[in-house]
Amino acid sequence: MSSSGYVAVVKQDCPTCVLIEPVLQQLEAAGVALTVYVQDDPDFPKVSNRVDDRALDKSFELDIETVPTLIRFNNGTEQARLIGWEQNEWRSFTGIEQLGEGLPTYRPGCGSKSVEPGIAEQLALRHGTVKFNAREVSLAELEDDIEACFDRGWSDGLPVVPPTPERVLRMLNAVAREGHEIIGQMPPFGVDCSVEKVAINAVMAGCKPAYFPVVLAAVEAALDPAFCLHGLLATTWFSGPMVIVNGPVRQAIGMNWQGNLLGQGNRANASIGRALQLTVRNVGGGLPQDTDQSTYGTPLKFGCCFAEDDATPWQTVAETMGVTSGRSAVTLFSADGPLGVADQKSRDPESLVQSLAGSLKAVNHVEMANGSDAVVLIGPEHGRVFDQAGWSKADVTAALHQATHIAGKDLAMGTTDAAKASAAESTGTAGQIPKFRPGGLYLVRAGGDAGLFSAIIPGWVMKGSVGTDPVTREIR
Amino acid sequence: MTSVLLDPTGELKPSQREPVAKLDSLAGKTIGLLDISKARGDVFLDRLDDLLGDRGITVKRYKKPTFTRPAPLDLVNIMASEVDGVIEGLAD
């Protein structure tokens, strides 16, 4: 390329580029210093100063988004550029009056090959415009990449998607955040957790880039001191983090809040929860039978994420937590496995509340109160019973709190009746005491259409200042 | 095959696995002799067997089914559990 003159970037696959081939020839014939870079067919267009740019390095260097692009240089400095074909623009830009006579006066251009998905990331990496902070791990030539991830202890026991630089860059490009931004210190070892590290683990979990804003919000929520992630990770109790998603992002990324929402089959549900857990495992270093001292664990610790049905008369969980209606958000709870509640007989809300309360009293232990919070997933058929009677979420929540009170005499776990009476007398809890702390019951609408069921999901047997509180974050 | 991955961890540990520490001395150790099934490897290993035996060192003999493939995992595990070090008759 001469330091002054014009540079055009074209591809044969673009009808507008083909249309303006005679224009380029006309420029050359008029003695204009013109260099044409072609992205696909090295024999196109028929001009003398044509350069093969199939590797797309020049297109990348010139930051070409559309072809044809015509750029004017003066002493090596870009003066101006045109995109697509607009006859009058090209004439005034080049000062050639009859340029493109007889051609349509306007045609838009086509996308440059250098910005095609997958290509853009390769080019950015090849040209060194993207720098990762994470250490690069070189594999031996014969090493299987998935096995290598197992060997290095990066897996939760299932195969992970190998975190190549291209995949991580695609993930990072899904958010307008800097990769090196530190979003908090990941327990148990208090390691700085960067956006980039979360992206690497989201790749491994199987996330699409479109899920990444949700993953990032979930990790940020988990790092809120109120969530007490360190304790939740280390506890002997069953719990792990559970992510509930509200708002338009649910449909945008195809999440499930209907049949089998807690089970297998939906990529977003499965991989977002897993991305959070892999980030905790890998960045923070908390491993089972090591810092993670859970006696049993729960299958939910592979990752637990689902959406709420936002289209019910009730407030969503995000709205209850203060998020404006219509915004997307994640809410994190600590969660054990679900306990099913089957009530196929209740047809009025009072009866259904008694059913749910009976099962709720068994959370942690039937003779234990104020131990943990609980999420109650109200299925569509149970929800209909409340909706038809006009009971709001606040109504049902209040009724459940009232119906789950336990007699103080029943709280001397596992002892004889006489001992219980004595204990109740000495502790002054002979009356009724609440099973759950105020605000410790969270009702969420989700589930498949068929089945007069609901699901109780208790959490870690600690809460508030001595344990975990649910945390909500808007997704940006 | 992928050649470079980005480290997902907090990078508190080296990315490469540490090799097992080398033996300072063979005294009191059990040494494995691994025949990779290449011609006359056994001649070399028989002689080593004699020399080690003369020095009172316990020797165990192993053999790979074929030199063309890596040792079967079972064989690797058996050797790892039975000996302190391995001498391999690697080539012709």
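Residues numbered from 1 in each chain as written. Chains lettered and ligands numbered in written order. Predicted model: local features only at pLDDT ≥ 70, side-chain atom pairs only at ≥ 80, totals over all residues. Heavy atoms only, no water.

Caption draft 1: Region of the structure containing helix α7 (residues 165-172) of chain A. For α7(A), every residue scored as buried is listed here: A:P165, A:V168, A:L169, A:M171 and A:L172. Angularly, the buried residues of α7(A) cover 160° about the axis, an arc narrow enough to put them on a single face. Against the buried residues of α7(A) lie α5 (119-126), α8 (195-205) and α9 (212-222) of chain A together with β1 (4-6) of chain B. (Buried < 20%, exposed > 50% of the residue type's maximum accessible area, 1.4 Å probe, protein only. Helix = DSSP H or I, 4+ residues; strand = E, 2+ residues; numbered from the N terminus. Arc of directions from axis to C-beta. Contact = heavy atoms within 4.5 Å.)

Caption draft 2: Focus on the sheet that holds strand β20 (residues 441-445) of chain A. Residue and element names in this part refer to chain A. Pairing is mixed in the open sheet, where four strands are placed in the order β16-β21-β17-β20. Looking along the sheet, the strands with just one partner apiece sit at the ends: β16 (339-342) and β20. Strand-to-strand, the axes of this sheet are offset by a mean angle of 25°, without reference to chain direction. For β16 and strand β21 (residues 453-458), the ladder comprises four bridges, and the chain directions are antiparallel. (Pairing = 2+ DSSP bridges. Axes fitted to C-alpha atoms, helices over the stretch in contact; angles between N-to-C directions.)

Caption draft 3: Region of interest: empty space enclosed by the protein. All names here are of chain A. Per the counting criterion, the structure on display carries one cavity of 30 Å³ or more. What the largest cavity holds in volume is close to 100 Å³. Within the residue set of the lining of the largest cavity, elements represented by two or more residues are β15 (329-335), β17 (374-378) and β21. (1 Å grid on protein atoms, 1.4 Å probe; cavity = no way out; pocket = protein on both sides within 12 Å on 5 of 7 lines; lining within 4 Å. Points joined across faces, edges and corners; volume = space filled by probe spheres on them.)

Caption draft 4: Main features of the interface of chain B and chain A. Counting residues at the interface gives 17 residues for chain B and 29 residues for chain A. Summing both partners gives a buried area of about 2,100 Å² for chain B against chain A, and 58% of it is carried by carbon and sulfur. Where chain B touches chain A, the interface holds two salt bridges. Among the salt bridges present, the one from A:R135 reaches B:D7, with a minimum N-O distance of 2.9 Å. In this assembly, chain B and chain A are joined by ten residue pairs in polar contact (both at pLDDT 80 or more). Class assignment for the residues of the side of chain B that touches chain A results in seven nonpolar, six polar and four charged. Where strand β10 (residues 136-138) of chain A lies against β1(B), three bridges are found, and the strand directions are antiparallel. (Buried area = accessible area lost by both parts, 1.4 Å probe. Salt bridge = Lys/Arg side-chain N within 4 Å of Asp/Glu carboxyl O. Polar contact = N/O pair within 3.5 Å; in protein donor to acceptor, adjacent residues only side chain to side chain. Nonpolar A, V, L, I, M, F, W, Y, C, P; charged D, E, K, R; others polar.)

Caption draft 5: Quick peek at the pairing of strand β11 (residues 182-186) of chain A. Residue and element names in this part refer to chain A. Both β11 and strand β12 (residues 191-194) contribute to a ladder of four bridges, which runs antiparallel. Along β12, the bridge assignment pairs G184 with C193. In this antiparallel pair of consecutive strands, β11 and β12, the connection spans four residues, and G190 shows a positive phi of 60°.

Caption draft 6: Region of the structure containing the side chain of A:S59. All names here are of chain A. Along the chain, S59 turns up in helix α3 (residues 57-61). Residue classification places S59 among the buried positions, given a relative accessible area of 1%. Sequence-distant contacts of S59, defined by excluding residues within four places in its chain, comprise V9, Q39, D53, I64, S112 and S114.

Caption draft 7: Region of the structure containing the nonpolar core. Residue and element names in this part refer to chain A. F212, V215, V219, V245, I272 and L332 are the most contacted members of the largest nonpolar core, which has 64 residues in total. For this core, the leading source of residues is α9, giving nine residues. Ignoring sequence-local partners within four residues, the contact set of I272 consists of C207, Y211, V214, V215, I253, M255 and C305. By size, the runner-up hydrophobic cluster in this structure holds 30 residues, among which are V23, L24, L27 and L99. (Core = buried A, V, L, I, M, F, W, Y, C linked by side-chain atoms within 4.5 Å.)

Caption draft 8: Region of interest: the sheet that holds strand β2 (residues 30-35) of chain B. Residues and elements named next belong to chain B. One open sheet holds the three strands; their spatial order is β3-β2-β4, and the pairing between them is parallel. Each end of this open sheet is capped by a strand with a single partner; those strands are β3 (58-63) and β4 (85-89). Adjacent strand axes in the sheet meet at a mean angle of 25°, parallel and antiparallel pairs treated alike. Here helix α1 (residues 41-54) sits on the sheet and contacts β2, β3 and β4; the angle it forms with β2, its principal contact strand, is near 170°. Against the sheet, helix α2 (residues 73-82) makes contact with β2, β3 and β4, and its axis sits at roughly 175° relative to β3, the strand it touches most.

Caption draft 9: Region of interest: the state of the cysteines. Residue and element names in this part refer to chain A. Counted under the stated rule, the structure contains zero disulfides over all chains. Note on C304: no disulfide assigned, nearest cysteine sulfur contributed by C305 at a separation of 7.5 Å. On the basis of relative accessibility, which here comes to 3%, the residue C304 falls in the buried class. (Disulfide = S-S within 2.5 Å.)

Caption draft 10: Looking closely at unusual backbone geometry. Between A:V67 and A:P68 the backbone carries a cis peptide bond, its omega angle lying at -5°. Residue position: A:P68 is located in the loop between β4 (66-67) and β5 (69-74). For the bond running from A:P187 to A:P188, omega is 5°, close enough to zero to count as cis. Residue position: A:P188 is located in the loop between β11 and β12. Non-glycine residue A:D63 carries a positive phi angle of around 60°. Notably, B:E11 is not glycine yet its phi reads approximately 60°, a positive angle. Along the polypeptide, B:E11 turns up in the loop between β1 and β2.

Caption draft 11: Highlighting the pattern of salt bridges. Residues and elements named next belong to chain A. Counted according to the given criterion, the structure contains 22 salt bridges over all chains. Note that E220 and R177 form a salt bridge whose closest N and O atoms lie 2.8 Å from each other. Here R177 lies in the loop between α7 and β11 and E220 lies in helix α9, a separation of 43 residues in the sequence. By relative accessible area, E220 is classed as partly exposed at 22%. Between E474 and R327 there is a salt bridge, with its nearest N and O atoms 3.3 Å apart. Highlighted residues: E474 in strand β22 (residues 471-474) and R327 in the loop between α13 (317-320) and β15, separated in sequence by 147 residues. For E474, a relative accessible area of 25% corresponds to the partly exposed category. Accessibility expressed as a relative area gives 43% for R327, which makes it partly exposed. What emerges from the salt-bridge pattern is a single network uniting R177, E181 and E220.

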